[in-house]
Amino acid sequence: MKSKGLLPLFGGAAKVVFLNQWRGTMTSPDWDVASPLSRLGLEDANGIPEGGFGAVAAPAGVGKTALLVQLALHAMLKDEAVLHVSLQDPVQKIGLWYRELFQNLAGREALPRAGQVWERILPNRFIMSFQVEGFSVPRLEERISDLTAQNIFHPRLMIVDGLRFQPGIDPTLKDLKRYAEKQGLRVWFTVHVHRQDGDAHGLGPDGLNALLEMFSVILRLDTVGDEIKIRVEKGFPGGDAPAILSMDPTSLLLRAS
Amino acid sequence: MKNDQQKVRNIGISAHIDSGKTTLTERILYYTDRIHAIHEVKGKDGVGATMDSMELERERGITIASAATYCQWRDHEINIIDTPGHVDFTIEVERSLRVLDGAVLVLCAVGGVQSQSITVDQQMKRYRVPCLAFINKCDRSGASPERVIEQLRSKLGHRAIPLQMAIGLEADFQGVVDLVAMKALYFEGEKGERVVEAPIPAALIEQAKGWREALIDAASLDSDELTEAILEGGELPEGVLIEAIRRATLARNLTPVLMGSAYKNRGVQPLLDAITRYLPCPADIRNEALDTAHEERPVVLTSRTTDPPVALAFKLEDGPYGQLTYIRVYQGVISKGQTLINARSGRKFKIGRVVRMHSDQMEDIEALEAGTIGALFGIECASGDTFVAPGLSLTMTSMFVPEPVISLSIMPQDNRSQIGMSKALSRFTKEDPTFKTFVDAETGETIIEGMGELHLEVYVERMRREYDCDVTTGQPRVAYRETITQRADFNYTHKKQTGGAGQFGRIAGYLEPLEDGDFEFVNAIVGGAIPTQFIPACEKGFRSCLAKGPRMEFPVTGVRVVIDDGASHAVDSSDMAFQAAARGAFREGYLRARPVIKEPIMKVVVETPTEFQGSVMGLLNQRRGMILGAQDEGPQCVIEAQTPLAEMFGFSTVLRSATQGKAQFTMEFALYRQVPQGLAEKIAEEMAAKKKRAA
């Protein structure tokens, strides 16, 4: 019963093809889904430049994670490696977000061979989950270098979900900025805005305004009637941002409004 | 009779391997006077825990087969099924959950909610089994019941509410505070057999009050009576609170959490009280059977003893006195001398002996009533069969049985072993639906199939020990599948018109990949190009090609066949001819549809101290694993990956040596995925060589 894998069966000479590298062997997807950000008319086609920060601000339960997961899915479809760092949900739950939104997207756009495409893009995603109290930038750096040093995963886009923008967050953000610039990472954050301070222009907790210059793009989600409207608070070249995108409250998919 | 049933509890004890459930069961049996000495798992006394009745289980310190046992606690009858902890044996767990009314989820106060607990919890959800949680090992260093409760909420989504609070922790663990009665409980005597009530230590009173508030809050959501009692103010009647907790637990809206240390004999008696208070009696559960006479329409069973009997055989065991069949009676009474029918085979049989089991000892009884668990002797049946009164056409719902993913050839050493092996195989296949065996027609080898390396290893070991037969095993082989990746047309004519009765049939259409499902046959013929009476023959012909793919001879899945044209001959066309035409058409289309090999991919979850995270990820990556994520949980982290089964042989040894034995992993089948090209060629070569050898 002792065995060393299947390879000895073939004289040990089999060429190992790693799962995270074999997408080339599969059929290409023929999917042409425009990035939702392109509709917002942002300065940068990717939303934010390399080493830049973007934020999605909204009260709890409005759809920050859903929006960022969609940005991530679009990046994954373009074969871009996405690292999703969650400080609130376990890996399995984040995985479900991706799966569900992908299925909704495939269903809405009637895209062919969704199952195969999903299998193809899955290696482009890595989920890391931290406990809030256990999270620090050095720790994150260590985890990422575990991946890059062994050539397991090289993230290009990072999503930081659940970081609490409280007083004292400044050094963490600065550390992250330094790391992102060094690695050429584009980083999106979710920013939890408390409902009670729903000032139309303020982003929420005090102190965040002071950090505004760190972010290239700030999107704000608001519930208007039955709809979730997306507004560009910062990052639109013309100054006043048009509210031209919204989210479907049932499927949480982005759509032109 | 109704009153009696309300004092019956059929419960399971499920948990992660090594969280101490066998030790806990042993204590339960001791306190309920079923055994008179406590033996430990892997006991030095050579006896081993009572529930681990198989020799192999005792040696390895794990529980493999679930032994059912019966005990009494404060005039309640409790039937306990001790369930195995390793994921390779989950069919045993699932089968137990099917017959249980409630469960105790045992968690380790140090390790918390681990991957296996998540699997077991999902199974409980599937069968809607209400449960209690027991946080064991509170005496261990690093114990933190609060962290475990938080994990129950965040990882499993339970509304976990503690009914107790630990008095001291780790080496200082002394007892628990009962938050319902607001008393401290200590366990005195050599084996903790005396439960002593005392006032709550002053230092803990404030915290206990806070926790009790949270408990009342949570329980009041399901109970108007409790809400009223709270609004009235004053002393809250204990009975009202208990009833509210019970109701919320039965609805799976609340998971009461208890704590203790089975090994140190603390907290076990209050757990028994909680089982009788909060877990359901058989009458609380709605059980359904399927009516085979009416297209398997679901029928609710009454659980009345006066109705005709319906029982499910959920486990078989080969004992020294012949086959022992564990049954759960759902309706009516099953008694000695009665004649019943096996719903699957339709055979009549007479019941000889009815017994109540206490692990491997037994007690003869006259009858088993609805809601109880017991065993019958000398009944010829398979696991999962339903026994009913003559005239009833009911069968209990069949359980979900996964397809095996790994196979192994076995060869008996000598003639004596040959006899033992066939006996053992027929026994194991009856006991375990995920274990299959057949003789390879080409090589003449006996092949066994199962759910993982350990699964098969244990059966081979059991053959040696229980049937005294020595077998040599071949290399484990992965159950590959074939599928197609693009659409391909076919147009095939089968023609034999040279003398004698002729054969003629032409089939045209196309094959295409089918994403969800194994096979679909679509008849798109218009205008009668193929006469309707031959269409079933076409489908049969196509189906017959699925068992062995034309390319690699692995089973074919994920194919849709559409036929849209054809031709027939007034005299020479027949079912036979169209079946042959379909086979030819399949071969023709299949090779053009870019067939590929698919391999089983396992979901592998590794729990490791954080310092080994990098090396564990490296190990998985080397094994062609795709790492899906890593979860930091303080000192521990959990890595989730999808890895081909073919690469996972011997992984436990490698993992142990890479992590100083501190990491553990579980593995279960996830999906089939296309084999990379390079490897596919090698597999093809290997298959060709095998064929050559067989020839």
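Residues numbered from 1 in each chain as written. Chains lettered and ligands numbered in written order. Predicted model: local features only at pLDDT ≥ 70, side-chain atom pairs only at ≥ 80, totals over all residues.

Time to look at the overall build of chain A. Broken down by element type, chain A carries five helices and nine strands. Secondary structure elements of chain A, listed N to C terminal, follow the sequence β-α-β-α-α-β-α-β-α-β-β-β-β-β. For chain A, the residues scored as buried account for 39% of the 257 residues in total. Within chain A, residue pairs in contact and separated by at least 24 positions form 73% of the contacts whose partners lie at least 6 positions apart. (Helix = DSSP H or I, 4+ residues; strand = E, 2+ residues; numbered from the N terminus. Buried ≥ 20, exposed ≤ 12 C-beta atoms within 10 Å, placed from the backbone. Contact = placed C-beta atoms within 7 Å.)

Attention shifts here to the confidence of the model for chain A. Residue and element names in this part refer to chain A. Summarising the model, chain A shows a mean pLDDT of 75, and 70% of its residues fall at 70 or more. At the low end of the mean pLDDT range in chain A sits strand E9 (residues 254-256), at 67; at the high end sits strand E2 (residues 82-86), at 94. Within the model, the stretch residues 1-29 combines pLDDT values under 50 with 51 contacts to residues more than four positions away or in other chains. Overall, residues 198-203 carries pLDDT values under 50, and its contacts beyond four positions in sequence, including any with other chains, amount to nine contacts. (pLDDT = per-residue confidence, 0-100.)

Moving on: the environment of B:Gly584. All names here are of chain B. Within the secondary structure layout, Gly 584 lies in helix H14 (residues 575-592). Residue class for Gly 584 comes out partly exposed when judged on the 19 C-beta atoms lying within 10 Å of it. In this structure, the C-alpha to C-alpha distance between Gly 584 and Tyr 492, residues 92 residues apart in sequence, is 6.4 Å. Setting aside residues up to four positions removed in sequence, Gly 584 forms contacts with Tyr 492 and His 494.

A separate point is the nonpolar core. The biggest cluster of nonpolar side chains holds 115 residues, and the ones touching the most others in it are A:Val56, A:Ala72 and B:Ile639. If you tally residues by element for this core, the top one is helix H1 (residues 64-77) of chain A, at nine residues. Mapping this core onto the domain boundaries places at least three of its residues in each of domain 3 (406-478) and domain 5 (599-678) of chain B. In contact with A:Ala72, other than residues within four places in its own chain, are A:Val82, A:His84, A:Arg125, A:Leu157 and A:Ile159. Counting residues in hydrophobic clusters, the runner-up holds 101 residues, among them B:Leu179, B:Ala248, B:Leu271 and B:Ile379. (Core = buried A, V, L, I, M, F, W, Y, C linked by C-beta atoms within 7 Å. Domains from an automatic or database assignment.)

Before going further, it helps to spend a moment on the sheet that holds strand E7 (residues 164-167) of chain B. All names here are of chain B. The strand order across the open sheet built from four strands is E7-E8-E9-E10, with neighbouring strands paired in antiparallel fashion. Unpaired on one side and paired on the other, E7 and strand E10 (194-198) mark the two borders of the sheet. Taking the axes of each pair of neighbouring strands and ignoring which way they run, one obtains an average angle of 30° across the sheet. As defined by bridge partners, strand E8 (residues 175-178) adjoins strand E9 (residues 183-188) across four bridges and the pair is classed as antiparallel. Counted as the bridge partner of Val 177 is Ala 184 from E9. (Pairing = 2+ DSSP bridges. Axes fitted to C-alpha atoms, helices over the stretch in contact; angles between N-to-C directions.)

The next point concerns helix H3 (residues 114-121) of chain A. For an α-helix the count is 3.6 residues per turn, leaving residues at separations of three or four pointing the same way. All names here are of chain A. Of all the residues in H3, the buried ones are Val 117, Arg 120 and Ile 121. One side of H3 holds all its buried residues, which, seen down the axis, span an arc of 85°. Buried residues in H3 make contact with H1. (Arc of directions from axis to C-beta.)

Attention now goes to the pairing of strand E3 (residues 125-129) of chain A. Most of E3(A) is tucked away, with five of its five residues classed as buried. Side chains of E3(A) alternate between two faces, with A:Arg125, A:Ile127 and A:Ser129 and A:Phe126 and A:Met128 buried alike. Note: E3(A) against strand E36 (residues 626-633) of chain B, three bridges, orientation parallel. Residue pairing in the sheet places A:Ser129 in a bridge with B:Gln631 of E36(B).

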